[in-house]
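# Structural overview for review
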Amino acid sequence: MNILETLYENKINFPLLLDRKINIETNKTFLFGPKLSGKTSIIFNYLKDKEDDYLYIDLDDFRYEKEDLVDLQLFIQKNKIKICIIENYTYGFPIPKTDVVILSSIYFIDIDNFSSIKVMPLDFEEYLLFDTKHQNTTNSFNSFLKYGNIPEIIELKDYKKSTRNKELIKLYDSNANTIEILKILIKSSGEIKSPFWLFNMLKKNIKLSKDFFYKTIKEFEKNHTIILCEKFNQPKAVKKIFCFNFALIDLVSHKKNFTNLFSNMIFLELFNQNQPVYYLEYIDFYTPHNNSIVISMPFYSTALISRIMSKLLRYIEEYEINKITIVTISNFDTLYIDTIEAQITPFYEWALGK
């Protein structure tokens, strides 16, 4: 029996999976996003209600080579296979012709006639639906904050969760310098730091070429492991750095920076809405599609608000801001900035109602 016959005969024993907000709805679909963001689970959820007439291929499977799949199209035609799944798809691999083709990759690839779906880890609303262990929203929020947003984390025992998050960092590459670059990027999450500055900091500790450093950052940006947030109307300004999984921030430094972690968590909620997100001077996030400002302030302080009040007044007029939200850990309140009602609200309330 050749490899294709083996793959076709050995059907998947689908685990019990909960539905994500994202579903496969077209016959030609391309899923992309960071490792362990949930692409395979979405594919399995799609397949579990189908008949067994599918062929599932993972190009990262060590048990076979791409050369073993050279007769893929002939095999599909011979067996009248209607659904073909190719995970960890790479550019240039022949896309089979059949009724349904679903591809996945950590990178975005623009493929004619395919609808593309960006798959990020769980947002808080999804986490809450998946988290059956905790009995209330506050406990789920505490777990989300501590252990992060990777879907598989929810199923692990608490004492294994931090260890699994540490393993995630090493999953990205076996090259020691690549890991060091990833670590300094994660450590800088929520901060405005230029690649030039980061390179010079790293160069003090490891031998590193500038070309390799910049190429690696581009790779992490392409697969959304790291997301760079632009300053509004200033694309050449230094960007804010964010990580796809905020829980990794505390794993790369003994110095805890809760403010940055909290800001990263808020950014991902905004980013997952698939609308542009920017930062402004002294203002965490600006979303022009709804003329809204979001301020990350885990521990609410009137002194901090007073410090940025002049900026807020300027932006209200300049950008016709109609909504200001100050996201906190647990504070509820309302204040007025000029004529705009600013809501002070806990993260778990904001994330479920935004």
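These remarks concern the structure in this document. Note that the structure is predicted; figures quoted are calculated from it, not measured. Just so you know, the residues in each chain are numbered from 1, in the order the chain's sequence is written. Totals for whole chains, interfaces and linings use every residue, but because this is a predicted model, local features are given only for residues with pLDDT of at least 70 and side-chain atom pairs only at 80 or more, for both listing and counting. Working from all heavy atoms in the structure, the side-chain values ignore hydrogens and water.

What follows concerns the nonpolar core. As used in this record, nonpolar core signifies buried Ala, Val, Leu, Ile, Met, Phe, Trp, Tyr and Cys residues forming a set joined through side-chain atoms within 4.5 Å. Remark: exposure states derive from per-residue accessible area (1.4 Å probe, protein chains only) relative to the maximum for the residue type, with buried under 20%, exposed over 50%, and partly exposed in between. Grouped together as the largest cluster of nonpolar side chains are 58 residues, with contacts concentrated most on Phe141, Ile266, Phe267 and Phe347. Contacts of phenylalanine 141, omitting those with residues within four sequence positions, involve Phe124, Phe262, Met265, Ile329, Phe347 and Tyr348. Counting 23 residues, the second largest nonpolar core, distinct from the first, contains Tyr64, Leu72, Leu103 and Ile111. Here a residue-residue contact requires only that any non-hydrogen atoms of the pair lie within 4.5 Å.

Note on conventions: DSSP H or I runs of at least 4 residues are helices, E runs of at least 2 residues are strands, and numbering of each starts at the N terminus. Take threonine 328: it is sitting in strand 11 (residues 323-328). We classify threonine 328 as buried; its relative accessible area is 0%. N or O atoms within 3.5 Å of each other form a polar contact, as long as, within protein, one can give a hydrogen and the other can take it, and as long as residues adjacent in sequence are counted only when both atoms are side-chain atoms. In terms of polar contacts, threonine 328 uses its side chain to reach the backbone amide nitrogen of serine 330, at 3.4 Å. Here the side chain of threonine 328 touches asparagine 331 through a polar contact of 2.9 Å, landing on its backbone nitrogen. Residues contacting threonine 328, with those up to four places away along its chain left out, are Phe262, Met297, Pro298, Tyr300, Ile344, Thr345, Pro346 and Phe347.

The pairing criterion for strands is at least two bridges between them, as found by DSSP. Pairing is parallel in the open sheet, where five strands are placed in the order 2-3-4-1-5. Here the strands that pair on one side only, and so sit at the sheet edges, are strand 2 (54-58) and strand 5 (115-118). Taking each pair of neighbouring strands and ignoring which way they run, the sheet shows an average axis angle of 15 degrees. In this structure, strand 1 (residues 28-32) lies alongside strand 4 (residues 100-105), joined through five bridges in parallel fashion. Across the sheet, leucine 31 pairs through a bridge with serine 104, a residue of strand 4. The angle between two axes is taken between their N-to-C directions and runs from 0 to 180 degrees, where each axis is a line fitted to C-alpha atoms and a helix contributes only its stretch in contact.

Across the sheet, six strands lie side by side as 8-9-10-11-13-12; this open sheet has mixed pairing. Edge positions in the sheet fall to strand 8 (278-280) and strand 12 (333-337), since each of these pairs with one other strand and no more. Here the strands of the sheet are splayed against their neighbours by 30 degrees on average, with no regard to which way each runs. In terms of strand pairing, strand 9 (residues 283-287) meets strand 10 (residues 292-296) through three bridges, oriented antiparallel. Bridged to tyrosine 286 within strand 10 is isoleucine 293.

This brings us to the packing of aromatic side chains. Note on aromatic pairs: the rings of Phe, Tyr and Trp (six-membered ring only in Trp) are paired at centre separations within 6.5 Å, and the planes decide the class, stacked below 30 degrees, edge-to-face beyond 60, tilted for the rest. The full count for this structure, using the stated rule, is 31 aromatic pairs. Ring plane angle 70 degrees and centroid distance 5.1 Å describe the contact between phenylalanine 144 and phenylalanine 246, whose orientation is recorded as edge-to-face. Residue phenylalanine 144 is found in helix 5 (residues 137-147), and its partner phenylalanine 246 is found in the loop between strand 7 (240-243) and helix 10 (258-271); the two are separated by 102 residues along the sequence. Taken as a pair, phenylalanine 144 and phenylalanine 246 share a single burial class, namely buried. Taken together, a centroid distance of 5.7 Å and an interplanar angle of 10 degrees make the contact between tyrosine 315 and tyrosine 319 stacked. Over the face of the ring belonging to phenylalanine 271 we find lysine 118, whose NZ or CZ atom lies 3.7 Å from the ring centre. In this analysis the charged atom, NZ for Lys or CZ for Arg, is taken to sit over a ring once it is within 6 Å of the ring centre and within 35 degrees of the ring normal. Its guanidinium or amino end placed over the ring of tyrosine 107, lysine 222 lies 5.0 Å from that ring's centre, counting from NZ or CZ.

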